[in-house]
Amino acid sequence: MSGFRRTGEQEIYEGAVITLGVGTFVGPDGEPFERDVVHHPGAVSVVPLIDDEFVLVRQYRAALDHELLEIPAGKRDVPGEPPEDTAHRELVEEVGYRAGRLVKLAEFYNSPGFSDEHSHTFLGLDLTEVAASAQGIEEEHMTIERVPVDDVPAMIATGEIIDAKTIIGLTLALRHLGR
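Keep in mind it's a predicted model, so treat the numbers as computed, not measured. (Residues numbered from 1 in each chain as written. Predicted model: local features only at pLDDT ≥ 70, side-chain atom pairs only at ≥ 80, totals over all residues. Heavy atoms only, no water.)

## Some words on the pairing of strand E1 (residues 5–14)
(1) Moving on: Pairing geometry for E1 and strand E2 (residues 19–26), over 8 bridges, is antiparallel. Paired with Gly-8 across the strands is Thr-24, a residue of E2.
(2) Moving on: Linkage of E1 to E2, two consecutive antiparallel strands, is achieved through a turn of 4 residues. (Pairing = 2+ DSSP bridges. Helix = DSSP H or I, 4+ residues; strand = E, 2+ residues; numbered from the N terminus.)

## What about the sheet that holds E1?
(1) Moving on: If you walk across this open sheet you meet the 3 strands as E1-E2-E3, and the pairing is antiparallel. The open sheet terminates on both sides in strands that have one partner only, identified here as E1 and strand E3 (32–39). Strand after strand, the sheet turns through a mean of 25° between neighbouring axes, direction not considered. (Axes fitted to C-alpha atoms, helices over the stretch in contact; angles between N-to-C directions.)

## Digging into the environment of Phe-114
(1) Moving on: Assignment of secondary structure puts Phe-114 in the loop between strand E8 (97–109) and strand E9 (118–129).
(2) Moving on: With 40 residues separating them along the chain, Phe-114 and Gly-74 place their C-alpha atoms 20 Å apart.
(3) Moving on: Residues contacting Phe-114, with those up to four places away along its chain left out, are Asp-36, Val-37 and Val-38. (Contact = heavy atoms within 4.5 Å.)

## Regarding the packing of aromatic side chains
(1) Moving on: Counted by the stated rule, this structure contains 2 aromatic pairs.
(2) Moving on: On the basis of an interplanar angle of 90° and a centroid distance of 6.1 Å, the ring pair of Phe-4 and Phe-33 is categorised as edge-to-face. You can see Phe-4 sitting in the segment before E1 and its partner Phe-33 sitting in strand E3, a full 29 residues away along the chain.
(3) Moving on: Taking the relative accessible area as the measure of exposure, Phe-4 reaches 46% and is therefore partly exposed. (Phe/Tyr/Trp six-rings, centres within 6.5 Å; stacked < 30°, edge-to-face > 60°. Buried < 20%, exposed > 50% of the residue type's maximum accessible area, 1.4 Å probe, protein only.)

## Here we look at the environment of Phe-122
(1) Moving on: Along the chain, the position of Phe-122 falls in strand E9.
(2) Moving on: Judged by relative accessible area, which is 1%, Phe-122 ranks as buried.
(3) Moving on: Expressed as a C-alpha distance, the spacing of Phe-122 and Glu-84, which sit 38 residues apart in the sequence, is 8.2 Å.
(4) Moving on: Those residues in contact with Phe-122 that sit more than four places away from it in its chain are Ser-45, Val-46, Val-47, Pro-83, Glu-84, Ala-87, Leu-102, Val-103, Lys-104 and Leu-105.

See the structure below:
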């Protein structure tokens, strides 16, 4: 046991996606302290593979005020929905593909220093094209880009791909594919 203990939390903001609180804690030495804590419902992301190309999206991100090249992803905003079901739904919504198979690549905490957001990342295989159903203004205006598998390491190294979940997903997909 680490000796740390949560003693409470005061919610100070509830938004459409996150809740912000100030948590109170006691350290191993008995000293109390506070930390800002962001609560998030969690997320899924999928690395869709068609032939020898990954299907990525270029999407506007308001917090950065510019677009990023990313793997398809979305919030776990349906209570009780298994991550695999959310991944299937998000893949259809964002890029218009249904996966015949999902291979779990990883689970991770995005920014555990201040947030409890927990993500699940999958490799999407045996894809079938279906009608996309964009949700929200960013998805309505994003573009879909197919990137050759062999181009990905250089795109990460040069900073063309800088989104963490995308780097994690693509790197683990490459490993899974033996590349």
